[in-house]
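Topology and contacts: notes
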Amino acid sequence: MCGRFAITEVLSPEALAEMFNVPEVPDFPPRYNIAPTQPILAVMEQHGHRRANLVRWGLVPGWVKDPREFPLVINARVETMGEKPAFRDALKHFRCIVPASGYYEWHTGPDNKKQPYFITLASGEPMAFASVYATWMGPQGEEIDTAALVTTAANADVSHIHHRMPVVLPMSAVDDWLNVREVRAHDAYQLALPLPVGALRAYPVSTRVGSNKVDDPSLIEAVSLTQPEPPAPKPASAQLDLF
């Protein structure tokens, strides 16, 4: 499972536009604690043109009548998404990429204490999460794009922290994942693989990341598990949810 991630200042709109070959990227400030239901950046191809949009993190299929009564779906298991009504059409026709600098995962110790870790590519390069999206239309004709991150079995780098991880695509696979016109769902499955051993780096970070009201660069700094943590700063105003 992936429930929080970050986009640092390195991933500026200009850098993202060049990296994913899109003409323009919406202004998106650095975020260090992106949480479900908040807006996230997604790169997609529509009618043969690549674009970057802000979407809600939490997929709502178009056939849902009331999003408030639909479960919050932030992840899609790659092993079963082709069979699930919520993801089946999205895998065929609505694949996208969510860029990130890294993501957080929680390890539960023998004493049931949960310790968050920040996980990045060992190379220091940005991550490209394989994702799917859907457009929900309301009774008044309003449209809201929503998305879920695709997950797979964790590789040996992080399996001791959690048994699942987001699918991180190599840049060489991004074009095929986005090309829903020519790359079928079965072939897209072949792209959604765990990363090779040694590709990821993980280190413990502050438990303050558990509050979605805390969002500052110190969240991705490594902490010593033997040292007491500093008190949390006053929370900034929470980012507006889309539902």
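Here is a short report on the structure shown in this document. (Residues numbered from 1 in each chain as written. Predicted model: local features only at pLDDT ≥ 70, side-chain atom pairs only at ≥ 80, totals over all residues. Heavy atoms only, no water.)

Spatially, the 5 strands line up as an open sheet ordered β2-β1-β7-β8-β12, and their pairing is antiparallel. The strands lining the two open edges of the sheet, one partner per strand, are β2 (31-34) and β12 (200-204). If you compare each strand with its neighbour and ignore which way they point, the axes differ by 30° on average. Alignment of strand β1 (residues 4-7) against β2, held across 2 bridges, turns out to be antiparallel. Note on β2: the bridge partner recorded for F5 is I34. (Pairing = 2+ DSSP bridges. Helix = DSSP H or I, 4+ residues; strand = E, 2+ residues; numbered from the N terminus. Axes fitted to C-alpha atoms, helices over the stretch in contact; angles between N-to-C directions.)

With that out of the way, let us pick up the packing of aromatic side chains. Applying the stated criterion across every chain, the model contains 7 aromatic pairs. Note on F94 and Y133: the rings are 5.4 Å apart at their centroids and 75° apart in plane angle, and the pair reads as edge-to-face. Here F94 is found in the loop between α2 (88-93) and β6 (95-100), whereas its partner Y133 is found in strand β9 (residues 127-137), with 39 residues between them in sequence. Judged by centre distance (6.2 Å) and plane angle (75°), the rings of Y103 and F129 are edge-to-face. One end of the pair, Y103, is in strand β7 (residues 102-108); the other, F129, is in strand β9, with 26 residues separating them in the sequence. Summarising the burial analysis for this pair, Y103 and F129 share the class buried. One aromatic cluster in this structure is built from F5, W57, Y103 and F129. Looking at R95, its charged tip hangs above the ring of W177, at a distance of 5.5 Å from the centre. (Phe/Tyr/Trp six-rings, centres within 6.5 Å; stacked < 30°, edge-to-face > 60°. Buried < 20%, exposed > 50% of the residue type's maximum accessible area, 1.4 Å probe, protein only. Lys NZ or Arg CZ within 6 Å of the ring centre and 35° of its normal.)

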